Amino acid sequence: MPDDSKTGVTVLGLGAMGTALAEAFLAGGHPTTVWNRSAGKAGGLAAKGAVVAGTPAEAIAANGVVVVCLFDARSVREVLETGAESLPGRVLVNLTNGTPGEARELAAWVAEHDVEFLDGGIMAVPPMIGSPAAFVLYSGSRTAFDTHKELFDSLGESLYYGTDPGLAALHDLALLSGMYGMFMGVIQAFALIGSEGSEARSFAPLLKRWITGMTGFIDGAAEQIDKRDYTIGVVSNLAMQAGAGDAFAKVGEEQAISAELLAPLRPLMLRRVADGHGHEDLTGIIELLKIKK
Ligand SMILES: NC(=O)c1ccc[n+]([C@@H]2O[C@H](COP(=O)([O-])OP(=O)(O)OC[C@H]3O[C@@H](n4cnc5c(N)ncnc54)[C@H](OP(=O)(O)O)[C@@H]3O)[C@@H](O)[C@H]2O)c1
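Residues numbered from 1 in each chain as written. Predicted model: local features only at pLDDT ≥ 70, side-chain atom pairs only at ≥ 80, totals over all residues.

Quick notes on the overall build of the chain
Right, so step 1: A tally of regular secondary structure across the chain gives 14 helices and 8 strands.
Right, so step 2: Each principal axis of the C-alpha distribution contributes one length, and for the chain these read about 65 × 45 × 30 Å.
Right, so step 3: Per-residue burial over the chain gives 35% buried out of 293 residues.
Right, so step 4: In the chain, 63% of the contacts between residues at least 6 apart in sequence involve partners at least 24 apart. (Helix = DSSP H or I, 4+ residues; strand = E, 2+ residues; numbered from the N terminus. Buried ≥ 20, exposed ≤ 12 C-beta atoms within 10 Å, placed from the backbone. Contact = placed C-beta atoms within 7 Å.)

What follows is the structure, given as structure tokens:
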């Protein structure tokens, strides 16, 4: 039940994630006010002690800390503009996914409304919120982070990335890039195995073993990238890997499985080999990803 000695918090947006955030704040004993565009999503939270506000302005006015978790940057701005009269003096925490540029733009807009701002990236799915597995990245006002860390810790581990409000979004999107790269490979692997009628679940333990082993590559890659030296500790050079890469297109044709998920990688490998880097590591293709502005 809410405990009046604890920091009160408002949650704007009761989608799957906003609801999980509000539940975790309530479970941590924080008086919680909620608002959602469509009525009817707050019933379960009200039963657990949440106050349901009728408008964004009413919700924002209710507490010193306001957490926003909506669909995208546009919906965040729309809702905040509607409730702008209540913003002065608040700490605003935007946990809606977005880009660093969107976070910086929102930070500049809320600064005109006398708001302390944090942007965040939630590294969890809704059922993980409040569990030790969840972590949330924050950037922006250091004072707001330090003052309200106990409140934020209700959601999972709170990690601060600096005063530039864009940094949480940058780290969030980098982590999600790693995740989607892995998912692409996992889905391709299951598609290939399934082409001969094997069940995915009997292959899954072997796939997990292989991918877990390959995470050992990350630290060495980081050293090569930081030193911009892709010859350090090479055990499987790029020329060899690019040559073997032809098999991914061929196996797709043989097994009638599209190779389009992984297709972008090989042209990058071949370009790097053609540029004289065949003796180096795969990591060196990072040089081809840098676009001159
Ligand atoms: N779910 C996840 O696994 C997960 C994980 C990490 C981060 N996130 C991020 O968390 C955010 C919310 O995700 P979610 O899973 O809660 O999404 P969701 O279930 O689709 O909920 C979207 C929320 O945004 C509201 N909304 C959409 N457009 C709006 C508008 N124009 N004005 C006002 N409200 C609007 C919806 O209100 P209505 O109820 O009225 O439609 C709803 O409350 C997203 O940025 C997402 O990327 C989600």
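Some points on the site of the ligand
Right, so step 1: In the vicinity of the ligand there are 21 residues, among which Gly15, Arg37, Ser38, Phe71 and Asn97 approach most closely.
Right, so step 2: Sorting the residues of the shell around the ligand by element identifies helix H1 (16-27) and helix H4 (73-82) as the ones contributing at least two each.
Right, so step 3: When its residues are assigned to classes, the shell around the ligand shows 10 nonpolar, 8 polar and 3 charged. (Near = placed C-beta within 6 Å. Nonpolar A, V, L, I, M, F, W, Y, C, P; charged D, E, K, R; others polar.)

Details of the packing of helix H8 (residues 167-194) against helix H9 (residues 200-214)
Right, so step 1: Axis separation between H8 and H9 bottoms out at 10 Å; the angle between their running directions is 140°. In terms of orientation, H8 and H9 fall into the oblique class. When the axes of H8 and H9 are compared, the crossing they make is right-handed. Where H8 approaches H9, its residues Met182, Val186, Ala189, Phe190, Ile193 and Gly194 are matched on the opposing element by Ala200, Phe203, Leu207 and Ile211. (Axes fitted to C-alpha atoms, helices over the stretch in contact; angles between N-to-C directions. Parallel < 35°, antiparallel > 145°, perpendicular 65-115°, else oblique. Left-handed = near helix turned anticlockwise from the far one by under 90°.)

Let's talk about the nonpolar core
Right, so step 1: Ranked by size, the top nonpolar core spans 54 residues in total, and within it Val11, Leu21, Ala22, Val34, Val67 and Val68 carry the most contacts.
Right, so step 2: It is H1 that provides the largest number of residues to this core, a total of 7 residues.
Right, so step 3: Once residues lying within four places of it in the same chain are set aside, the contact partners of Leu21 are Val11, Val67, Cys69, Leu95, Ile129 and Leu155.
Right, so step 4: Of all hydrophobic cores here, the second largest spans 6 residues; its members include Leu238, Val273, Leu282 and Ile285. (Core = buried A, V, L, I, M, F, W, Y, C linked by C-beta atoms within 7 Å.)

Observations regarding the domain arrangement of the chain
How big an interface is tends to be expressed through the accessible area that disappears when the partners come together.
Right, so step 1: Domain annotation for the chain reports domain 1 (9-163) and domain 2 (171-289).
Right, so step 2: One C-alpha centre belongs to domain 1, the other to domain 2; they are set 37 Å apart.
Right, so step 3: Counting residues at the interface gives 6 residues for domain 1 and 4 residues for domain 2.
Right, so step 4: For the side of domain 1 that touches domain 2, the residue count by class is 3 nonpolar, 3 polar and no charged. (Domains from an automatic or database assignment.)

Considering H8
Right, so step 1: Between its first and last C-alpha, H8 extends 40 Å over 28 residues, near the 40 Å set by a 1.5 Å rise per residue.
Right, so step 2: Buried residues along H8 sit against helix H5 (100-111), strand E6 (116-123) and strand E7 (135-140). (Expected span 1.5 Å × (residues − 1).)

Some words on H9
Right, so step 1: Between its first and last C-alpha, H9 extends 20 Å over 15 residues, near the 21 Å set by a 1.5 Å rise per residue.
Right, so step 2: Of all the bends in H9, the greatest measures close to 25° and is centred on Leu206.
Right, so step 3: Among the 15 residues that make up H9, 0 are buried, leaving the element largely open to the surroundings. (Bend = angle between axes of the 7 residues up to and from the residue.)

Some remarks on the sheet that holds strand E5 (residues 91-94)
Sheet strands associate in pairs through backbone hydrogen bonding, adopting either a parallel or an antiparallel arrangement.
Right, so step 1: Judged by pairing direction, the sheet is mixed, and its 8 strands sit side by side in the order E3-E2-E1-E4-E5-E6-E7-E8 without closing on themselves. The sheet is open, and its two borders are formed by strand E3 (51-52) and strand E8 (157-160), each paired with just one other strand.
Right, so step 2: Docked against the sheet, H5 engages E5, E6 and E7, running at close to 150° with respect to E6. (Pairing = 2+ DSSP bridges.)

Things to note about unusual backbone geometry
Right, so step 1: Positive phi is not limited to glycine here, since Asp114 has a value of about 60°.
Right, so step 2: If you trace the backbone, Asp114 turns up in the loop between H5 and E6.
Right, so step 3: By the C-beta count within 10 Å, which is 10 here, Asp114 ends up exposed.
Right, so step 4: The phi dihedral of Ala256 is positive, around 60°, even though this residue is not glycine.
Right, so step 5: In this structure, Ala256 sits in the loop between helix H12 (246-255) and helix H13 (265-277).
Right, so step 6: Residue class for Ala256 comes out exposed when judged on the 8 C-beta atoms lying within 10 Å of it.

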